[in-house]
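So you can see what is in the structure, the chains are spelled out below.
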2 protein chains.
Amino acid sequence: MNEDRRLRALRGRLLWFVGDPETSGDAAHRFIGDGLVVIADGLIKAVGAASELLPTLPEEAEIVDHRPNLIMPGFIDAHLHMPQTQVIASYGAPLMEWLNKYTFVEEQKLAQQGHPEKLTRFLLDELLASGTTTAAVYCSVHRQSAEAFFAESERRNTRMIAGKVMMDRNAPAALTDTAESSYADSKALIERWHGRGRQLYAITPRFAVTSTPEQLAAAGRLASEHPDCFVQTHINENQAEISLACQLYPNADDYAGIYRDYGLLGRQSLMGHCIHMTKHEWRAFAEAGAVAVFCPTSNLFLGSGLFDWARAKREGVRVAVATDIGGGTSYSMLRTMAEAYKVLQLQGQSLSAFAALHAITRGNAVALGLDHLIGSLEPGREADVVVLDPAATRAMAHRLETARDLAEELFVLVTLGDERNVAATYVAGERVGDQPSTPPFLAKSI
Amino acid sequence: MNEDRRLRALRGRLLWFVGDPETSGDAAHRFIGDGLVVIADGLIKAVGAASELLPTLPEEAEIVDHRPNLIMPGFIDAHLHMPQTQVIASYGAPLMEWLNKYTFVEEQKLAQQGHPEKLTRFLLDELLASGTTTAAVYCSVHRQSAEAFFAESERRNTRMIAGKVMMDRNAPAALTDTAESSYADSKALIERWHGRGRQLYAITPRFAVTSTPEQLAAAGRLASEHPDCFVQTHINENQAEISLACQLYPNADDYAGIYRDYGLLGRQSLMGHCIHMTKHEWRAFAEAGAVAVFCPTSNLFLGSGLFDWARAKREGVRVAVATDIGGGTSYSMLRTMAEAYKVLQLQGQSLSAFAALHAITRGNAVALGLDHLIGSLEPGREADVVVLDPAATRAMAHRLETARDLAEELFVLVTLGDERNVAATYVAGERVGDQPSTPPFLAKSI
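About the cut-offs
Residues numbered from 1 in each chain as written. Chains lettered and ligands numbered in written order. Predicted model: local features only at pLDDT ≥ 70, side-chain atom pairs only at ≥ 80, totals over all residues. Heavy atoms only, no water. Helix = DSSP H or I, 4+ residues; strand = E, 2+ residues; numbered from the N terminus. Rg over C-alpha atoms; globule rule 2.2 N^0.38 Å. Buried < 20%, exposed > 50% of the residue type's maximum accessible area, 1.4 Å probe, protein only. Areas by Shrake-Rupley, 256 points an atom, 1.4 Å probe, with all protein chains shown as cover. Lys, Arg positive; Asp, Glu negative; His and termini not counted. Charge placed at Lys NZ, Arg CZ, Asp CG, Glu CD. Core = buried A, V, L, I, M, F, W, Y, C linked by side-chain atoms within 4.5 Å. Contact = heavy atoms within 4.5 Å. Pairing = 2+ DSSP bridges. Axes fitted to C-alpha atoms, helices over the stretch in contact; angles between N-to-C directions. Least-squares fit on C-alpha atoms with pLDDT ≥ 70 in both. pLDDT = per-residue confidence, 0-100. Buried area = accessible area lost by both parts, 1.4 Å probe. Salt bridge = Lys/Arg side-chain N within 4 Å of Asp/Glu carboxyl O. Polar contact = N/O pair within 3.5 Å; in protein donor to acceptor, adjacent residues only side chain to side chain. Nonpolar A, V, L, I, M, F, W, Y, C, P; charged D, E, K, R; others polar. Parallel < 35°, antiparallel > 145°, perpendicular 65-115°, else oblique. Left-handed = near helix turned anticlockwise from the far one by under 90°. 1 Å grid on protein atoms, 1.4 Å probe; cavity = no way out; pocket = protein on both sides within 12 Å on 5 of 7 lines; lining within 4 Å. Points joined across faces, edges and corners; volume = space filled by probe spheres on them.

Trainee: Describe the overall build of chain A, with residues and values.
Mentor: From N to C terminus, chain A includes 16 helices and 16 strands. For chain A, whose C-alpha radius of gyration is 21 Å, the value lies close to the compact-globule estimate of 22 Å for 446 residues. When its C-alpha atoms are laid out on the principal axes, chain A stretches across 65 × 55 × 45 Å. Split into buried and exposed, the 446 residues of chain A put 67% on the buried side. When the accessible surface of chain A is summed, it comes to about 14200 Å², and 49% of that surface belongs to carbon and sulfur atoms. Of the side-chain charges in chain A, 42 are positive and 54 negative, and the distance between the mean point of each set is 2 Å.

Given below as structure tokens:
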């Protein structure tokens, strides 16, 4: 096959980031009103004005005209739970009760033949339909759940991070492993999946409450043996959780100290949710380069509290954003950022549309240390792309009639947007399904 | 025309309320798994099990089969601004700045020929598509804006409450009236529209900050001359607003005292937003029977604060819920209650799905004193009805696979739902438009 025939170019309004809008302002983003993203072999080969790039393309190149839609790097979700897609929207409980009453019940089903596969297919369908092309995913305690997840992700060629949960106490017997088995299972999964195609492994002790010291030590051993793997866990989400964790680890300085003591607090560590942090803990995070993962819909839904974004930045702590399905209530990173805006507004902080869109693309890519691969439209990056129609709903189209500039349009997109605004998603250059636009109910006045 | 030919019956799962779930528990709701709502002349004639009612219907009756969808009374929205449908999602400002920078700019356009008509058509389209059949609406300062709103509402035969804003200071000159002109214009509107068909008038001083004492006195005179009209205004949304109001009315006890002093705090008074209330003000509300209007998406979006629902109930204060478009960010009362749940969770309060669905139907009807007309499926009520498909989106259908009972299904509907779940809306027995279901993008796994 002639390589030229595989060239594909996406035409539309291009938007991506080369820096952080909160520190670099308008210099942080690149916007091309009529641009082209040229893709071959799953990678972005060129990006620029259509007028400049079109004449350079071979005649056989496929040009997909997405004008006037926005073309951005695919969204990145830094924390979610694959076994919880049927736990989402469970009623009326703060964290610990919610875990016991809903989550641990559903997660036991992952032992059933075919169930992890089913949940994974649903999850990846939903993420891709929402424009999310990379996520850091907790599977269940069952090794098979991670096997199923990676196998499906590999089949779709998505750039995913996942791990089998390690959990050896304070959970139903059917959901516990042991320090030894969790080490062995995780090790086997790492050897099989980490770095295979686009799959990456995250060592996943659920949190200090459900791991014995022996298990955290095993997790730390894995982290030191596989320093390029991620570590993902939970910290400082809820007061009852914090008390319990500190009680279970009486020798630790504080909650962050537990993870640090076991070698689990480093630059690869993705720590949800960091709501109730002491000054000492912020400092420990900054020194370790650990990432605080902000999950606004979850933090509101579970009543956990308000993440202090400005404080994290002031303390020099790296931040990522995430849905936290199923404590979170939306698969959409747009909706997630609308809720982030609200969480920050309640604290007198303002999140611009540029900052929000940066957070879910380049920002999360940097936090994950994957910005050389994803989160940008720069040549050389993997061609994970989302095409967005900011006027997809009638209310948004009506609102946009008065938008004066790109910043205003993008703020409407972030504030009112969700998966309905995703016109197309590309994974490594290949288009995923077909997203028709919103049905035209009452599109005309009655 | 034979009257029988006009009989229409809606078949589906019926849900409505006869009491408050927060005080009466399960006795507060009525649920019929296969029910019929029989409608004639715009009113509900009978309601009950399909097996019992079907044999009683004449042969010519039209039966609309909405099974397995839910059939509920149309939703009620107790506070929103018609001129702000193009202000929604404006960036980064707390209340006073937001008013000056965005709202007062857009509201000036309402003086343009045809603009109030355009915004009204959009608003009513969007409300009905969201299942909202009654709303309490602020028009602009221009008398013509209220004329346009009522004319369009009358044309659609919707049960609406609206009023021309009264505002004679602290706003652009193009947006101010005078105490005298606002009295005369409001009076003329009341005489023309209040009680005509399904239209109801609300005397609408925007808030104490934008009205002189003379204007509040004029508003109070209108309220005493027309005790069956509503009064709608704002109070205690934001600290800067509170300081300014109290500064402008130095003789008042407090912010609530300003309105009480002018005869504007009574059982017909709809007071948004009541976030920062003193004990003395809660008591004044309880004694007056005034209604505190809770607008969760707005309170979060503008960073105003958290409404204390439990406190209001404890103080014996009547509560309504509302979108507050355009400070609010969704036209959907379902989405509004999802955000209400989060606001309460942050305060350690839990809102059940029954309480949430009660609030947007019978609860708001009671707060508006209109429960003899709307908010229920009982015979004699006006046939404003919403038909809901809780499985309208893929994520919801997936989640509902594991729902064990009605309460769980309804909680999913409230938490994840929005206008996509509205399968049909009926206004006084007539179906509005056609709402196709969500497009089946990725309905099958890839």
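Trainee: Explain the nonpolar core to me, using residue names and the numbers behind them.
Mentor: For soluble globular proteins, nonpolar side chains are generally found buried alongside one another. Of all hydrophobic cores here, the largest spans 228 residues; its most connected members are A:F149, A:I203, A:F285, B:F149, B:I203 and B:F285. Excluding residues within four positions of it along the chain, A:F149 makes contact with A:M82, A:T120, A:L123, A:L124, A:V137, A:C139, A:M160 and A:A162.

Trainee: So what's going on with the sheet that holds strand β14 (residues 385-388) of chain B? Residues and values would help.
Mentor: All names here are of chain B. Read from one edge to the other, the open sheet built from 7 strands follows the order β3-β2-β1-β4-β14-β15-β16, with strand pairing classed as mixed. Since the sheet does not close on itself, it has two edges, and those belong to β3 (43-49) and β16 (430-432), each with one partner. On average, adjacent strands in this sheet sit at an angle of 40 degrees to one another, irrespective of strand direction. The sheet contacts of helix α14 (residues 353-367) involve β1 (8-17), β2 (29-40) and β4 (62-73), and relative to β1 the element is tilted by about 120 degrees.

Trainee: So, the relation of the copies chain A and chain B: which residues are in play, and what are the values?
Mentor: It takes a turn of 180 degrees to lay chain A on chain B, together with a shift of 0.0 Å along the axis; the resulting RMSD is 0.0 Å. As the rotation angle and translation indicate, the two copies are arranged about a two-fold axis. When the interface residues of chain A are mapped onto chain B, 100% of them again fall at the interface, so both copies present the same face.

Trainee: Pulling in residues and values, what's your account of the confidence of the model for chain A?
Mentor: Residue and element names in this part refer to chain A. On average, residues of chain A score 95 in pLDDT, and 96% of them are at 70 or above. Taken together, the stretch residues 1-5 has pLDDT below 50 and engages in 6 contacts with residues farther than four places along the chain or on a different chain. Contacts of residues 434-446 to residues separated by more than four positions or lying in other chains number 38 contacts, the stretch itself having pLDDT below 50.

Trainee: Which residues make up the interface of chain A and chain B, and what are the values?
Mentor: Each partner contributes residues to the interface: chain A has 67 residues there, and chain B has 67 residues. When chain A packs against chain B, the two sides together hide about 5500 Å² of surface, and 59% of this comes from carbon and sulfur. One can count 10 salt bridges joining chain A with chain B. The shortest N-O distance in the salt bridge between A:E401 and B:K118 comes to 2.5 Å. Counting across the chain A and chain B interface gives 30 residue pairs in polar contact (both at pLDDT 80 or more). Those elements that provide at least two residues to the side of chain A that touches chain B are α3 (95-108), α4 (115-129), α5 (143-156), α11 (296-301), α13 (333-345), α15 (394-400) and α16 (406-416) of chain A. It is α4(A) that provides the largest number of residues to the side of chain A that touches chain B, a total of 8 residues. For the side of chain A that touches chain B, the per-class residue count stands at 28 nonpolar, 19 polar and 20 charged.

Trainee: Before we move on, can you summarise unusual backbone geometry with the specific residues and values?
Mentor: The step from A:G272 to A:H273 runs through a cis peptide bond, and the omega angle for that step is 20 degrees. If you trace the backbone, A:H273 turns up in strand β11 (residues 269-273). That bond from B:R67 to B:P68 is cis: its omega, 0 degrees, falls within 30 degrees of zero. Looking at where B:P68 falls in the secondary structure, it is placed in strand β4. Positive phi is not limited to glycine here, since A:D324 has a value of about 50 degrees. By the secondary structure assignment, A:D324 is in the loop between β13 (318-321) and α13. The class of A:D324 is buried, set by a relative accessible area of 4%. Phi at B:N157 is positive, roughly 65 degrees, even though this residue is not glycine. Structurally, B:N157 can be placed in the loop between α5 (143-156) and β7 (160-163). The class of B:N157 is partly exposed, set by a relative accessible area of 34%.

Trainee: Let's hear about the environment of B:H226: which residues, and what values?
Mentor: Residue and element names in this part refer to chain B. As for its position among the elements, H226 is in the loop between α7 (213-225) and β10 (230-235). Classification of H226 by relative accessible area gives buried; the value is 14%. Linking H226 and A174, residues 52 residues apart in sequence, is a C-alpha distance of 28 Å. Of the polar contacts made by the side chain of H226, one reaches the side chain of K187; its length is 3.0 Å.

Trainee: Help me get a handle on the packing of helix α13 (residues 333-345) of chain B against α14(B), residues and values and all.
Mentor: Residues and elements named next belong to chain B. With their axes 9 Å apart at the nearest point, α13 and α14 run at an angle of 120 degrees to one another. Here α14 runs oblique to α13, going by the angle between their axes. Between α13 and α14 lies a crossing whose hand is right-handed. Contact residues: α13 offers M333, L334 and M337, while α14 offers A356, L357, A359, I360 and N364. Partitioning the contact of α13 with α14 into residue classes produces 7 nonpolar, 1 polar and no charged.

Trainee: Provide a residue-level description of the layout of surface pockets, including the pertinent values.
Mentor: Of the pockets and cavities examined, the second largest pocket occupies roughly 310 Å³. Taken together, 19 residues line the second largest pocket, and the ones lying closest to its centre are A:S352, A:A353, A:A407, A:E408 and B:Y91. Mapped onto the lining of the second largest pocket, the elements with two or more residues apiece are α1 (21-24), α14 (353-367) and α16 of chain A together with α3 (95-108) of chain B. Each residue belonging to the lining of the second largest pocket can be placed in one class, and the counts come to 8 nonpolar, 5 polar and 6 charged.

Trainee: Tell me about the pattern of salt bridges, and please be specific about residues and values.
Mentor: Applying the stated rule across the entire model yields 74 salt bridges over all chains. With a closest N to O distance of 2.9 Å, A:E106 and A:K109 form a salt bridge. For A:E106, a relative accessible area of 10% translates into the label buried. Here B:D418 and B:R335 are joined by a salt bridge, their closest N and O atoms 3.3 Å apart. In this pair, B:D418 is assigned in the loop between α16 (406-416) and β15 (422-427) and B:R335 in helix α13, connecting sequence segments 83 residues apart. The pair B:D418 / B:R335 is uniform in exposure class, with both members buried. Salt bridges sharing partners connect three or more residues here, namely A:R335, A:D418, A:E419, A:R420, B:R335, B:D418, B:E419 and B:R420.

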